[in-house]
Amino acid sequence: MLIGHLPRQVRGRAAVGARNRNSPGTATWDTVAPMVEGTSVPDVLRKARETLSAAQLGLSDLVGSVPDRRGMGLWNVAVFGRSVTLVLQNLRTVDRVRFDAWYAPYKKEMGADPLMQYFTKLRNEILKEGPPRLSGSVYINRLDPAIMRQLERSRPPGATGFFVGDEWGGVGWTVAQPDGRILKYYVDEPPEMGMIATRHFQNPPTLHLGKQLPNTTVEALCTTYVAYLTRLVEAAETHFGS
């Protein structure tokens, strides 16, 4: 199946949200709108779970098999991941004393943790400047005439070139448009290629919860980040949902 490469700015608006026209450079997100006084505990926990689900879906896109969804997947992990903690803090409007006592150790832990701090800064940078610059590498075990013939069968009309291992580890064709734009059309690489693509942040964190991170690829760091947020939401549901 061929997958069209959508312009970055279109994907960003459709998947995340609209800019606040009254305040250039800021963004509003429906799932993290401030809650009014008197909101119930179940309401807050539901909103937190929904926001976490958005981050988890972003992670699924990031590590999934569709290259053109990986960039937006990273965006959603960073943006909605940070929003999880913001939503949970609405519990303070229900019972400030109880919430502050429960949240204090998590707040201290996150404030001192290199991984959590990295993703907070990443979220802010993404909202202000767009997707981060990544480095990467691609390993290909086999790319011979037989494989090229398989790939040639997926060539779309108007293709002008072929690429292997772009910024998101994709394989496909470039197609020139009448207006001069060059679009990417991704195809599934044959398993025999044995292609392995890795992506890395610039200056990634190497510590989390006092331990050395064994893997600092973009995918591994995002997986660890979402796992922490999942445990946080589950802890809130256990503590305040009883």
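All of these numbers come straight from a predicted model, not from anything done at the bench.

Enquirer: I keep staring at the overall build of the chain and nothing clicks. Help me out?
Expert: A count of helices and strands for the chain gives 7 helices and 8 strands. A total of 242 residues make up the chain; the buried ones form 39% of that total. Look at the contacts in the chain between residues 6 or more apart in sequence, and 62% of them connect residues 24 or more apart. Approximately 13200 Å² of the chain is accessible, and the part contributed by carbon and sulfur atoms is 54%.

Enquirer: Hey, could you run me through the packing of aromatic side chains in this one?
Expert: The geometry of two aromatic rings is summed up by the distance between their centres and the angle between their planes. What the rule picks out here adds up to 12 aromatic pairs. Residues Trp-102 and Tyr-106 carry aromatic rings whose centres are separated by 5.0 Å and whose planes lie at 45 degrees to one another, so their mutual orientation is tilted. You can see Trp-102 and its partner Tyr-106 sitting in helix H4 (residues 96-112), 4 residues apart, about one turn around the helix. Classification of Tyr-106 by relative accessible area gives partly exposed; the value is 22%.

Enquirer: What is the right way to read the environment of Glu-192 from this model?
Expert: Topologically, Glu-192 is positioned in the loop between strand E5 (182-187) and strand E6 (196-201). Considered as a pair, Glu-192 and Ile-140 are 52 residues apart in the sequence and their alpha carbons are 9.4 Å apart. Setting aside residues no more than four positions away along its own chain, Glu-192 makes contact with Asn-141, Arg-142, Ile-147 and Gln-150.

Enquirer: Looking at this structure, I do not really get the side chain of Thr-39. What am I missing?
Expert: Inspection of the secondary structure puts Thr-39 in the loop between helix H1 (8-15) and helix H2 (41-63). For Thr-39, the residues in contact, after removing those within four places along its chain, are Val-44 and Val-94.

Enquirer: Honestly, the pattern of salt bridges in this entry has me stumped. Any pointers?
Expert: It is possible for side chains bearing opposite charge to pair when their charged atoms get close. Evaluation of the coordinates by the stated rule reveals 10 salt bridges. Between Glu-219 and Arg-199 there is a salt bridge; the shortest N-O distance is 2.5 Å. One end of the pair, Glu-219, is in helix H7 (residues 218-240); the other, Arg-199, is in strand E6, with 20 residues separating them in the sequence. Ionic contacts of the salt-bridge type, sharing partners, join the residues Asp-43, Arg-46 and Glu-50 into one network.

Enquirer: Hey, could you run me through the environment of Lys-47 in this one?
Expert: When you line up the elements, Lys-47 lands in helix H2. Owing to a relative accessible area of 25%, Lys-47 belongs among the partly exposed residues under this scheme. Considering only alpha carbons, one finds Lys-47 and Leu-88, 41 residues apart in sequence, at a separation of 8.3 Å.

Enquirer: Please clarify how the nonpolar core should be interpreted in this entry.
Expert: Here is a general trend for soluble globular proteins: nonpolar side chains tend to be buried in one another's company. Judged by nonpolar contacts, the single largest core of 43 residues is most densely connected at Phe-119, Phe-201 and Cys-222. Secondary-structure elements contributing two or more residues to this core are H2, helix H3 (67-88), H4, helix H5 (114-129) and H7. In terms of residue count, H7 provides more of this core than any other element does, 12 residues in total. For Phe-119, the contacting residues outside a window of four places in its chain are Val-77, Phe-201, Leu-221, Cys-222 and Tyr-225. The next biggest cluster of nonpolar side chains, apart from the first, holds 9 residues, and it includes Leu-151, Val-175, Met-193 and Met-195.

Reading the values: rules and limits
- Residues numbered from 1 in each chain as written.
- Predicted model: local features only at pLDDT ≥ 70, side-chain atom pairs only at ≥ 80, totals over all residues.
- Heavy atoms only, no water.
- Helix = DSSP H or I, 4+ residues; strand = E, 2+ residues; numbered from the N terminus.
- Buried < 20%, exposed > 50% of the residue type's maximum accessible area, 1.4 Å probe, protein only.
- Contact = heavy atoms within 4.5 Å.
- Areas by Shrake-Rupley, 256 points an atom, 1.4 Å probe, with all protein chains shown as cover.
- Phe/Tyr/Trp six-rings, centres within 6.5 Å; stacked < 30°, edge-to-face > 60°.
- Salt bridge = Lys/Arg side-chain N within 4 Å of Asp/Glu carboxyl O.
- Core = buried A, V, L, I, M, F, W, Y, C linked by side-chain atoms within 4.5 Å.

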